[in-house]
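# Coordinate inspection notes
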Number of protein chains: 2
Amino acid sequence: MTNKDARTPASTQDPTDTSENGEAGKSIGWHKAYVEGTRPDLRVPVRQVHLTNGQSVTLYDTSGPYTDPLVGTDVRRGLTPLRENWITARGDTEEYAGRPVRPEDDGIRHTSPRGGLRNLDAVFPGRPRQPRRGRGGRAVTQLAYARRGEITPEMEFAAIRENVAPEVVREEIAAGRAVLPANVNHPEIEPMIIGKRFLVKVNANIGNSAVTSSIEEEVEKMTWATRWGADTVMDLSTGRNIHTTREWVLRNSPVPIGTVPLYQALEKVDGRAEELTWEIYKDTVVEQAEQGVDYMTVHAGVRLAYVPLTAHRKTGIVSRGGSIMAAWCLAHHKESFLYEHFEELCEILAAYDVTYSLGDGLRPGSIADANDEAQFAELRTLGELNTIAKRFHVQTMIEGPGHVPMHKIKENIDLQQEICEEAPFYTLGPLTTDVAPAYDHITSGIGAAMIAWWGTAMLCYVTPKEHLGLPNRDDVKTGVITYKIAAHAADLAKGHPGAQEWDDALSDARFEFRWEDQFNLALDPDTAREFHDETLPAEPAKTAHFCSMCGPKFCSMKISQDIRREHGGSRAEIEEGMAQKSKEFAAAGNRVYLPLTD
Amino acid sequence: MTNKDARTPASTQDPTDTSENGEAGKSIGWHKAYVEGTRPDLRVPVRQVHLTNGQSVTLYDTSGPYTDPLVGTDVRRGLTPLRENWITARGDTEEYAGRPVRPEDDGIRHTSPRGGLRNLDAVFPGRPRQPRRGRGGRAVTQLAYARRGEITPEMEFAAIRENVAPEVVREEIAAGRAVLPANVNHPEIEPMIIGKRFLVKVNANIGNSAVTSSIEEEVEKMTWATRWGADTVMDLSTGRNIHTTREWVLRNSPVPIGTVPLYQALEKVDGRAEELTWEIYKDTVVEQAEQGVDYMTVHAGVRLAYVPLTAHRKTGIVSRGGSIMAAWCLAHHKESFLYEHFEELCEILAAYDVTYSLGDGLRPGSIADANDEAQFAELRTLGELNTIAKRFHVQTMIEGPGHVPMHKIKENIDLQQEICEEAPFYTLGPLTTDVAPAYDHITSGIGAAMIAWWGTAMLCYVTPKEHLGLPNRDDVKTGVITYKIAAHAADLAKGHPGAQEWDDALSDARFEFRWEDQFNLALDPDTAREFHDETLPAEPAKTAHFCSMCGPKFCSMKISQDIRREHGGSRAEIEEGMAQKSKEFAAAGNRVYLPLTD
């Protein structure tokens, strides 16, 4: 989204890139700026790109205070809780003692000689805080406010980011067509909105697992992912230190954080799905809600009756949450406890404003299984649960597949929108073929762009390591960039106001050989610059009026500029000249060759 | 395409990868095999992947003799001319002295102290050969044979590759809906077919330029590109040694080679477009046709009257060929010599069976310019030229854009098919956004998959270096793999017979934790294996029944396998059990929660 001639930013900072990622200076050419709303404490960050022709282009910015040299950040203290006053001013929440943190929360069931956590320093050292919830259990959700006609500061913040009127944001939330994930215990976030009427959003997954990864790596992956444009981050940790990792991530995250509480609950029963209970699950949800998780994937649509539908699938159940619930249902031969206790769960989520992400536990894991009976049976149940959640004023989005060939993608979004009353669709990919492990960011980026064009509100990224291993820093970046491409391609196809200005600015720079502007406007300036320099490294090449494809004496852009010089008077003059030419050709039969009869 | 239970290959070779790319041994797990046709000299190469469960999967193979350890290849001698007997047996061509090679053919206008070519060793040392052409100028094209009802060995070869009856190939060629590019002077190729009824094909561009690159690099890029799946290669060289580079590429290429003769013609007039003449152009076409170029991009649709239509574009004319012709038209204020001499050009191409690729010289170079007046004016002219070419029995495909946002893609293929009587569409991308230089393989892979699903027959790859520099070896591989993904995703969406068997085989391997099979079936086995090993390097991990995402004790695939064990009787048994469950749920109102009214 560009915003060339809109509001003047409240302040413009030094062009120093202060990211902690060791590449300071590389991204010179853009400044962090702020657009002020109706109150001084409502300052919306934007990325302002300064062009060499004196113009500037304003882009949506997800990178948080880390890219603002005037804001001191310290991962050991966490970010400033910018929503705190907005939350307290509403007067509908209260602080309370909260649930005590237990060793099991970090996956430690037995006393170890080293006293529990692998590394005690790992406990988040920031200021002490008490959790907050809706007074007397009331629903303190953005949905509840929107339905009452209130435009919250969060809504105004998101509206400024989207270049729309705050009332549009309120309306879409009230109608259940959009969500604004914002747990009252995560005051650090810069509010954003997810809905088909707005810019398509991208989620990046991080998370350690039993096999590898550390807390530090996960926090760094979060800041790295948001630097490249991730709008939300899901912490899918499954190993030890889950609670502690999440605390570090939340306190340092400028974007909403999602989780799958079932993963942690399973750790608490040592990986034995059949030992899960509603009580353990519920306790985990409260634990995470108190920490500030903004949205939670809940696989309540995996019902006992649907499990056999997956038995003859090519790849069975591939969702981890889905398979855990299926295993539980099978072991007890009982209906899912998530489905049975769904209303109680709604009450909990409403009191913290945790948004539901109703999980597609039966999503297809291969082209062969796409759009099958199991998948759509679950979707119908998600529709039912969506209606219940709305009754409790819980914001809700619906998760979608998975592996789907191109010709079966549209049915997914159309059915979801119909069954779930236009609740935001949040899809993984979909992957359009199974044959390219190591390139599933691409197999899925294709499907993601298409389904987003057709109405998906948020895309869950897929990295090159999908199916193969855990994404490292490079994979996270590649995944985010690929999905930003898919999302922006969809914004263009949907005709989102302002989306094309970004493309236009870059294409203008390209046509006029403003190489530095082309780099700075790129989704990934560093790599664009690096690729250019690989062929033409010298500094003068950055201002050269040619590029490495054609070389200096033979350049199509240059020839085009000559044409523009010759024919580039006013539009009227050109049309005049053209009309003359057309007449001449028409007089000659408009073609050199006569119509053919054989 | 898989071919599990089809013909038995004529022979199966040693599992040694003899590619000259220095990675021998890495791709163990597949063998080069051959499917014999109706005559012993018609042996169609396939890639046979041997699975650890004893099954095998047969895939389309473009890599040529280089991956067959029983065939000795020597780039200094060139490949065996396997079509030679087929061509001579037809008795409709004759050898002749041919046009003498001149220094200008290699871009050398002035005598240099070093005697011309930068490196005299560069002259191709293979066996001497005389060019061949249709006796008395007759049309010796596959189109002419197809129209006469003849199924040539080339058609049968292509039919076996596609798993269709030879008659289908003949029909599609005769109707002009498919082309089989096969210059009589390029007997080394393994024939292939391009048309919407067949597998979607991928072209890779190579070519040195005035700025960088060498002959050796270009030949290696060609073998490298075909190794990863390029179906044709275009040599877009623009610098010196154009003639010689092309000779090396042609004599060593198992796939059809395309060129843009205008590039070489421009070199002959030292880069001054206005000095081009029909005579120089025609001489260049003959030169290249005698060498064996299988298809040529001809920008005959860039007419004088259309040039002013581009003056107010965001990015003018971005096609090199288009801008050269526009510059010529402007300089002389005359109609394009390509348009005016098109019939004469048809006569030349028909005598060698060079296929037209009617160039889209006015394709949009930015989102802003997509589907504009200039673009579609040219397309209508291409339709007119297509009809003329067919009259001369010249095989013809039509080139397409460019930069096009998703919602404007379908109009391109629909219009092209209508205007050009279903002639094969051959598109560059299209790129679905302008904002991601360094990732344009992805911005365009999205558009490529979509337009191929809707009927495009061949996709011209885009590499990560697009707009920035010349692709190196890694970029060529990334571009080819990305486009093979797009092509295969389209084959699946079109329901191409057999396409899904490949996905199914890989998904089966994934579900059963047959890691080695998963790697060997992957589009890029090397990278898939490398990514897996990065997280779990130990050899036992390759047979482990878990992966790095969940770790050993918590694995969704494993849980799914348990479900299959419990519920995986016959389909009938499962349905029986399921029906019982359904009845129980139906009796309970099919839901736990009652319908909501608020």
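What you are looking at is a predicted structure, and each value in this text was computed from that prediction instead of being measured.

### Some points on the overall build of chain A
Scanning chain A from terminus to terminus reveals 20 helices and 16 strands. The buried share of chain A, taken over its 598 residues, is 67%. Long-range pairs, those at least 24 residues apart, make up 74% of the contacts in chain A between residues at least 6 apart in sequence. Entry remark: accessible area of chain A is about 19300 Å², with carbon and sulfur atoms responsible for 50%.

### Quick notes on the packing of aromatic side chains
Residue and element names in this part refer to chain A. Following the criterion strictly, the structure yields 20 aromatic pairs over all chains and no others. The rings of W278, Y281, W328 and F337 are connected pair by pair, giving a single aromatic cluster. One Lys or Arg, R133, reaches over the ring of Y96 and ends 3.7 Å from the middle of that ring. Over the ring of W224 we find R473, and its NZ or CZ is 3.7 Å from the ring centre.

### Remarks on the nonpolar core
If you look at the biggest cluster of nonpolar residues, it comprises 287 residues, and the most contacted ones within it are A:Y281, A:Y356, B:Y281 and B:Y356. For A:Y356, the residues in contact, after removing those within four places along its chain, are A:M296, A:V298, A:F342, A:L345, A:C346, A:L349, A:A389, A:V394, A:Q395, A:T396 and A:M397. Among the nonpolar cores identified, the runner-up in size contains 19 residues, and B:A159, B:V164, B:L180 and B:A182 belong to it.

### Here's the deal with the sheet that holds strand β13 (residues 355–358) of chain A
Residue and element names in this part refer to chain A. Sheet architecture is closed into a barrel: eight strands sit in the order β9-β10-β11-β12-β13-β14-β15-β16, paired in parallel fashion. Averaged over all pairs of adjacent strands, the angle between their axes in this sheet comes to 25 degrees, without regard to strand direction. Looking at chain direction, strand β10 (residues 232–235) and strand β11 (residues 257–259) are connected through three bridges and run parallel. Note on β11: the bridge partner recorded for M234 is G258.

### Focus: the sheet that holds strand β10 (residues 232–235) of chain B
Residue and element names in this part refer to chain B. Pairing is parallel around the closed barrel formed by eight strands, whose spatial order is β9-β10-β11-β12-β13-β14-β15-β16. If you compare each strand with its neighbour and ignore which way they point, the axes differ by 25 degrees on average. Relative to strand β9 (residues 201–206), helix α5 (residues 215–227) is tilted by about 165 degrees, and along the sheet it contacts β9 and β10. Along the sheet, helix α8 (residues 278–291) makes contact with β11 (257–259) and β12 (295–298), crossing β12 at roughly 160 degrees.

### A closer look at the side chain of B:K201
Here B:K201 lies in strand β9. Apart from residues no more than four positions distant in its own chain, B:K201 is found in contact with B:Y60, B:E162, B:M192, B:I193, B:I194, B:D231, B:A457, B:M458 and B:L459.

### Quick look at the environment of B:V476
Residues and elements named next belong to chain B. Following the sequence through the fold, V476 ends up in helix α15 (residues 473–493). With relative accessibility at 0%, the residue V476 sits in the buried group. For the pair V476 and P464, spaced twelve residues apart in the sequence, the C-alpha separation amounts to 8.6 Å. Excluding anything up to four places from it in sequence, V476 contacts K221, W224, A225, Y461 and P471.

### Description of the pattern of salt bridges
Per the stated rule, a full pass over the model turns up 85 salt bridges over all chains. The partner of B:D283 in a salt bridge is B:R102, and the shortest N-O contact between them spans 3.2 Å. Taken as a pair, B:D283 in helix α8 and B:R102 in the loop between β5 (93–95) and β6 (132–134) lie far apart in primary sequence, 181 residues in all. One salt bridge connects B:E247 with B:R129, and the closest N-O pair in it is separated by 3.9 Å. Separated by 118 residues along the polypeptide, B:E247 in helix α6 (residues 242–251) and B:R129 in the loop between β5 and β6 bring together distant segments of the chain. A residue is classified by how much of its surface remains accessible, and B:R129, at 28% relative accessible area, is partly exposed. Because the salt bridges share partners, they merge into one network encompassing A:R99, A:R102, A:D105, A:R246, A:K268, A:D283 and A:E287.

### Remarks on the UniProt feature "domain: ThiC-associated" (unreviewed entry) in chain A
In this numbering, the UniProt entry assigns the feature "domain: ThiC-associated" (unreviewed entry) to residues 31–94 of chain A. Here residues 31–94 of chain A is 11% helix and 33% strand, with 38 Å between the C-alpha atoms at its ends.

### Describing unusual backbone geometry
In most cases, non-glycine residues show a negative phi, while peptide bonds are predominantly trans. Cis geometry is adopted by the peptide bond preceding B:G402, which originates at B:P401 and carries an omega value of 15 degrees. Summarising the element assignment, B:G402 is placed in the loop between β14 (396–400) and α13 (409–419). Here the bond from B:G429 into B:P430 is cis, since omega is 10 degrees, no more than 30 degrees from zero. Following the sequence through the fold, B:P430 ends up in the loop between β15 (425–428) and α14 (440–453). Backbone geometry places A:H393, a non-glycine residue, at a positive phi of 60 degrees. Secondary-structure assignment places A:H393 in the loop between α12 (373–391) and β14 (396–400). Positive phi is not limited to glycine here, since B:D353 has a value of about 55 degrees. Tracing the backbone through its elements, the reader meets B:D353 in the loop between α11 (342–352) and β13 (355–358).

### Quick look at the packing of helix α8 (residues 278–291) of chain A against helix α11 (residues 342–352) of chain A
Residue and element names in this part refer to chain A. Closest axis-to-axis distance for the α8/α11 pair is 10 Å, and the angle between their directions is 10 degrees. In terms of orientation, α8 lies roughly parallel with respect to α11. Of the residues in α11, those in contact with W278, Y281, K282, V285, V286, A289 and E290 of α8 are E344, L345, I348, L349 and Y352. Split into classes, the residues belonging to the contact of α8 with α11 amount to nine nonpolar, no polar and three charged.

### Some words on the pairing of β9(B)
Residues and elements named next belong to chain B. Of all the six residues making up β9, six are buried; the element is thus mostly covered by neighbouring parts of the structure. Bridge count for β9 against strand β16 (residues 458–460) is three bridges, and the pairing is parallel. Bridging from a neighbouring strand, N203 pairs with C460 of β16. By the bridge criterion, four bridges tie β9 to β10 in an arrangement that is parallel. Bridged to I206 within β10 is D235.

### Some points on α5(B)
Residue and element names in this part refer to chain B. With 13 residues, α5 extends 19 Å from end C-alpha to end C-alpha; this agrees with the ideal 18 Å at 1.5 Å per step. Burial runs high along α5: ten of the 13 residues are buried. Those residues of α5 that fall on the buried side of the exposure criterion are I215, E218, V219, K221, M222, T223, W224, A225, T226 and R227. Residues of α5 that are buried make contact with β3 (43–50), β9, β10, α6, α15 and α18 (525–535). With its phi angle positive at about 125 degrees, G229 sits one or two positions after the end of α5.

### What to know about the state of the cysteines
Cysteine pairs can be covalently joined through their sulfur atoms, and such a bond is termed a disulfide. Counted by the stated rule, this structure contains zero disulfides over all chains. Left unpaired, A:C420 is separated from the closest cysteine sulfur, that of A:C346, by 14 Å.

### Observations concerning the environment of B:V394
When you line up the elements, B:V394 lands in the loop between α12 (373–391) and β14. With near-sequence residues (within four places) excluded, B:V394 lies in contact with B:L143, B:C346, B:L349, B:A350, B:V354, B:Y356 and B:A389.

### A closer look at the environment of B:E190
Residues and elements named next belong to chain B. For E190, the position within the fold is in the loop between β7 (178–179) and β8 (194–195). By relative accessible area, which is 6% here, E190 ends up buried. Along the chain, E190 and A389 lie 199 residues apart, while their C-alpha atoms are 25 Å from each other. Once residues within four sequence positions are removed from consideration, E190 is found in contact with P45, G64, P65, L82, F157, R161 and P254.

### Considering the confidence of the model for chain A
Residue and element names in this part refer to chain A. Model confidence for chain A is summarised by a mean pLDDT of 86, while 81% of its residues fall at 70 or above. Of the regions scoring below 50 in pLDDT, residues 110–120 engages in nine contacts with residues more than four places distant in sequence or in other chains. Our summary of model confidence lists the complex with pTM equal to 0.90 and ipTM equal to 0.89.

### Quick notes on the side chain of B:K390
All names here are of chain B. In this structure, K390 sits in helix α12. Within the buried set, K390 has no salt-bridge partner at all; the shortest N-O distance to an opposite charge, 5.7 Å, is to E421. When neighbours within four sequence positions are excluded, K390 is seen to be in contact with L143, R147, G176, T396 and A423.

### A closer look at the packing of helix α3 (residues 153–162) of chain A against helix α4 (residues 166–174) of chain A
Residue and element names in this part refer to chain A. Two numbers describe how α3 lies on α4: the axes approach to 8 Å, and their chain directions differ by 115 degrees. Considering the angle they form, α3 stands roughly perpendicular to α4. Where α3 crosses over α4, the handedness of that crossing is right-handed. Listed contacts from α4 to M155, E156, A158 and A159 of α3 are P166, V169, R170 and I173. In terms of residue class, the contact of α3 with α4 is built from six nonpolar, no polar and two charged.

Definitions and cut-offs
Residues numbered from 1 in each chain as written. Chains lettered and ligands numbered in written order. Predicted model: local features only at pLDDT ≥ 70, side-chain atom pairs only at ≥ 80, totals over all residues. Heavy atoms only, no water. Helix = DSSP H or I, 4+ residues; strand = E, 2+ residues; numbered from the N terminus. Buried < 20%, exposed > 50% of the residue type's maximum accessible area, 1.4 Å probe, protein only. Contact = heavy atoms within 4.5 Å. Areas by Shrake-Rupley, 256 points an atom, 1.4 Å probe, with all protein chains shown as cover. Phe/Tyr/Trp six-rings, centres within 6.5 Å; stacked < 30°, edge-to-face > 60°. Lys NZ or Arg CZ within 6 Å of the ring centre and 35° of its normal. Core = buried A, V, L, I, M, F, W, Y, C linked by side-chain atoms within 4.5 Å. Pairing = 2+ DSSP bridges. Axes fitted to C-alpha atoms, helices over the stretch in contact; angles between N-to-C directions. Salt bridge = Lys/Arg side-chain N within 4 Å of Asp/Glu carboxyl O. UniProt positions renumbered as here; feature names shortened; annotations may be inferred. Parallel < 35°, antiparallel > 145°, perpendicular 65-115°, else oblique. Nonpolar A, V, L, I, M, F, W, Y, C, P; charged D, E, K, R; others polar. Expected span 1.5 Å × (residues − 1). Disulfide = S-S within 2.5 Å. pLDDT = per-residue confidence, 0-100. Lys, Arg positive; Asp, Glu negative; His and termini not counted. Left-handed = near helix turned anticlockwise from the far one by under 90°.

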